[in-house]
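Given next are the chains, with one letter for each unit.
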Amino acid sequence: LDPTGYDYPQSASPWDVNNSTSPDPVLAALRAEKNFEYADIITVTQRYESFWGEHFHQNNTIRYIIDGSGYFDLRDVDDKWVRFSVKKGDFFLWPAGIYHRFTVDEGNFITAMRLLQGSPSWSSFVREDVKGDHSARIEYIDTYLCGDDPDYDSSDSGSPLRTNSPT
């Protein structure tokens, strides 16, 4: 996607495409096809601890970078960080339940559209607080990690309710 030439505010919650004087027809078609019912736009000009702290969301994470740049780190199947840079025009999605974090780069500026299928819920769940015991995280573990919960420690009786052994 290319946001150049289209009318996007620096922030809007929610963002209504019908209020745009020059809506992007490609984005409009994508929103209709994927049923992205809700969108908002956020501009970030510094590193925020709440974005940098390791967390996940209960819905798929869908972002369209309208301007600027930054970094997302996601946990891979071995529970290691994988960093990828994002810049103007990037559009991406990852599944609910994956641990991630975000920071601006040295430019300290990014404007992003956050999209959701359904009603807005930007709740984030911090790893230290959840430890795998959340329906979105459990579904992610079962679907993408073959049921191997990296937060499960068989020697710790206070570990999550999940086990890594087949039942």
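Just above, that's the structure.
As a starting point, this report considers the structure included with it.

Parameters at a glance
- Throughout this document, residue positions are counted from 1 along each chain, in the order its sequence is written.
- Two thresholds apply to this predicted model, a pLDDT of at least 70 for residue-level local features and 80 or more for giving and counting side-chain atom pairs, whereas whole-chain, interface and lining totals are computed over all residues.
- As a rule here, side-chain values come from all non-hydrogen atoms in the structure, and water together with hydrogens is ignored.
- Starting at the N terminus, helices and strands are each numbered in turn, a helix being any DSSP run of H or I of at least four residues and a strand any DSSP run of E of at least two.
- Grouping buried Ala, Val, Leu, Ile, Met, Phe, Trp, Tyr and Cys residues that are joined through side-chain atoms within 4.5 Å yields what is termed a nonpolar core.
- Per-residue accessibility, obtained with a 1.4 Å probe over protein chains only, is compared with the maximum for each type, and a residue is labelled buried under 20%, exposed over 50%, and partly exposed between these values.
- Throughout, a residue-residue contact means that at least one pair of heavy atoms, one from each residue, lies within 4.5 Å.

**Some details on the environment of Q46**
Among the secondary structure elements, Q46 is positioned in the loop between β1 (38-44) and α2 (49-52). Here the alpha-carbon distance between Q46 and F109, two residues 63 residues apart in the chain, equals 7.1 Å.

**Quick word on the nonpolar core**
The tendency in soluble globular proteins is for nonpolar side chains to be buried as a group. Ranked by size, the top nonpolar core spans 15 residues in total, and within it I65, F72, V86, F92, W94, F102 and I110 carry the most contacts. Mapped by element, the contributors of at least two residues to this core are β3 (61-75), β5 (91-94), β6 (100-104), β7 (110-116) and α4 (135-144). Tallying contributions element by element places β3 first for this core, with 3 residues. In this structure, I110 is in contact with I42, T43, V44, I65, D67, G68, S69, G70, V86, F102 and V104, ignoring residues within four places of it in sequence. Core analysis: the next-biggest nonpolar cluster, separate from the first, contains 12 residues, W15, F36, A39 and I62 among them.

**Details of the side chain of T103**
Residue placement: T103 occurs in strand β6. On the basis of relative accessibility, which here comes to 10%, the residue T103 falls in the buried class. Excluding its chain neighbours within four sequence positions, the residues that come into contact with T103 are R47, W52, G70, Y71 and R83.

**Some points on unusual backbone geometry**
Residue D79 is not a glycine yet carries a positive backbone phi of 65°. Residue class for D79 comes out partly exposed when judged on its relative accessible area of 21%.

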